[in-house]
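Structural characterization, general
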Amino acid sequence: MRPGTTAYAVANLDPSGAAGPKADELDILADGKHMSNAQGVSRPLAKPGSVVKPKVGLYRSNALASLKTL
């Protein structure tokens, strides 16, 4: 990705489907060393859900491409 480009990463908070602690918000914190122009944000989840061994896809130019890296 080049500077100024939007990058997408997909998060699966509970890939196992097991019951775990509930979350209602996702905090996204950028690594300033590798993404100096990125900003951290907090986003509410559409509905609270379990968090058990979460996985995050690699940064890609669109969400579908990131989903394929999970």
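The rules behind each value
Residues numbered from 1 in each chain as written. Predicted model: local features only at pLDDT ≥ 70, side-chain atom pairs only at ≥ 80, totals over all residues. Heavy atoms only, no water. Helix = DSSP H or I, 4+ residues; strand = E, 2+ residues; numbered from the N terminus. Buried < 20%, exposed > 50% of the residue type's maximum accessible area, 1.4 Å probe, protein only. Contact = heavy atoms within 4.5 Å. Areas by Shrake-Rupley, 256 points an atom, 1.4 Å probe, with all protein chains shown as cover. Lys, Arg positive; Asp, Glu negative; His and termini not counted. Charge placed at Lys NZ, Arg CZ, Asp CG, Glu CD. 1 Å grid on protein atoms, 1.4 Å probe; cavity = no way out; pocket = protein on both sides within 12 Å on 5 of 7 lines; lining within 4 Å. Points joined across faces, edges and corners; volume = space filled by probe spheres on them. Nonpolar A, V, L, I, M, F, W, Y, C, P; charged D, E, K, R; others polar. Patch = residues over 30% accessible without salt bridge, like charges linked within 9 Å, V, L, I, M, F, W, Y side chains within 5 Å. Salt bridge = Lys/Arg side-chain N within 4 Å of Asp/Glu carboxyl O.

A closer look at the overall build of the chain
- Per the secondary structure count, the chain includes 1 helix and 4 strands.
- Ordered by position from the N terminus, the helices and strands of the chain form the series β-β-β-β-α.
- Projected onto its principal axes, the C-alpha positions of the chain cover 40 × 25 × 20 Å.
- Taken across its 70 residues, the chain has 11% of its residues classed as buried.
- Across the chain, every contact between residues at least 6 apart in sequence was considered, and the portion connecting residues at least 24 apart equals 65%.
- Carbon and sulfur atoms make up 54% of the accessible area of the chain, which amounts to about 5600 Å² in all.
- Charged side chains of the chain number 9 positive and 5 negative; the gap between the two group centres comes to 11 Å.

Regarding the environment of Ala38
- Note that Ala38 resides in the loop between strand E2 (22–28) and strand E3 (41–50).
- Its relative accessible area of 37% is what places Ala38 among the partly exposed residues.
- Between the C-alpha atoms of Ala38 and Thr69, which are 31 residues apart in sequence, the distance is 21 Å.

Structural notes on the layout of surface pockets
- Here the largest pocket is characterised by a volume of approximately 920 Å³.
- Lining the largest pocket are 30 residues; nearest its centre among them are Ala7, Ile28, Met35, Ala38 and Tyr59.
- Of all the elements in the fold, those that place two or more residues in the lining of the largest pocket are E2, E3 and strand E4 (55–56).
- Broken down by element, the lining of the largest pocket gets its largest block of residues, 3 residues, from E2.
- Looking at the lining of the largest pocket residue by residue, the class counts come to 20 nonpolar, 7 polar and 3 charged.

Some words on a nonpolar patch on the surface
- The grouping of Leu64, Leu67 and Leu70 at the surface amounts to a nonpolar patch, some 270 Å² of accessible area in total.
- For Leu67, a relative accessible area of 43% corresponds to the partly exposed category.

Quick notes on the environment of Val56
- On the secondary structure map, Val56 appears in strand E4.
- On a C-alpha basis, the gap between Val56 and Arg2 in space is 21 Å, while along the polypeptide they are 54 residues apart.

Honestly, that's just the spatial picture; any functional story needs more than this.
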